[in-house]
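Residue-level structural notes
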Amino acid sequence: LAGLVMGDTHEEFVDPRVVEATFGPRGIISALKPAYLVWHDIHDGYARNHHHRDNPFIEYAKHHAGLNNVEQALQKTFDFVDQHTPKRCANVFVPSNHPDVIARWVREANPKTDPVNCVFWARTFEAMMLGTKMGESGAQTIDPFVYWAKQKMECASRTHFLARDESFRICGIEVGYHGDQGANGARGSRKGFSRIGERTIIGHSHSPGIMEGAYQVGTSSRLTLEYNRGPSSWLHTHCLIYANGKRSLVNIINGQWRA
């Protein structure tokens, strides 16, 4: 198998049944031996998500559950990748909106009111500031999620850390787009990516599907999270890329990916 594009991971809330069906001894990776593992939304960013800023109840719950430490949450994600990446595989980290939460937290947080994270915030702020420069298209800074992954993840040398809009093709299929951002500043969608003129595999919506040349994976997280309500099209779905460039969506139903 040329590549496995996994449904959005959200490691903090990953479904154990999906982990077993994907990485276990009878799982997809063991059976099909992909050369590349493509990760979307590998880190949820729950510890300091900006959507929680004005919700004292979520912050209270995170505090008493010990889920408000950014550095510990990142390390847990990196350990997950190290644990589940076979030595024969290379990783591809697709830039995604949830890991982007780290950069937004650094830009907007007041570290003086966050004793749990203030020192790690300062270290990350320093790294971003020292990594900021003026490029041909304007000011540029480093991605703090990638910065820490390269330092803390054992398999970093076998990982491709893509930048936004950086192309990465597997057997002619573009896998470098997460799906949250579309063409010309539009919101990303499967329909929009079906019109860009090349075959793509995206994530983001947690709802899998196919529209012409655009394939969309689902999620690897639990199907009911804090923020989704009502009838849902979320599904545990990965995409296989075969050596001949063909693709298949594989659903994991109740922890089973094949008969």
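Residues numbered from 1 in each chain as written. Predicted model: local features only at pLDDT ≥ 70, side-chain atom pairs only at ≥ 80, totals over all residues. Heavy atoms only, no water.

What to know about the sheet that holds strand 12 (residues 237-241)
Pairing is mixed in the open sheet, where six strands are placed in the order 6-3-2-1-12-13. Each edge of the open sheet is held by one strand with a lone partner, namely strand 6 (159-161) and strand 13 (247-251). On average, each strand axis in the sheet is inclined to that of its neighbour by 20°, with strand direction left out of account. With four bridges connecting them, strand 2 (residues 36-39) and strand 3 (residues 90-93) associate as parallel partners. (Pairing = 2+ DSSP bridges. Helix = DSSP H or I, 4+ residues; strand = E, 2+ residues; numbered from the N terminus. Axes fitted to C-alpha atoms, helices over the stretch in contact; angles between N-to-C directions.)

Examining the packing of aromatic side chains
Applying the stated rule across the entire model yields 15 aromatic pairs. For the ring pair Phe13 and Tyr46, a centre distance of 5.0 Å and an interplane angle of 80° mean the geometry is edge-to-face. In this pair, Phe13 is assigned in the loop between strand 1 (3-5) and helix 1 (16-23) and Tyr46 in the loop between strand 2 and helix 3 (56-65), connecting sequence segments 33 residues apart. Given the relative accessible area of 23%, Phe13 is considered partly exposed. Judged by relative accessible area, which is 13%, Tyr46 ranks as buried. Note on Tyr177 and Phe193: the rings are 5.3 Å apart at their centroids and 55° apart in plane angle, and the pair reads as tilted. Of the two residues, Tyr177 is situated in the loop between strand 8 (173-174) and helix 8 (190-193) and Phe193 in helix 8; the sequence distance between them amounts to 16 residues. The class of Phe193 is buried, set by a relative accessible area of 5%. Taken together through their ring pairs, the aromatic side chains of Phe23, Trp39, Phe78, Phe80, Phe93, Phe145 and Phe161 make up a single cluster. (Phe/Tyr/Trp six-rings, centres within 6.5 Å; stacked < 30°, edge-to-face > 60°. Buried < 20%, exposed > 50% of the residue type's maximum accessible area, 1.4 Å probe, protein only.)

What is shown is where atoms sit, not what they do.
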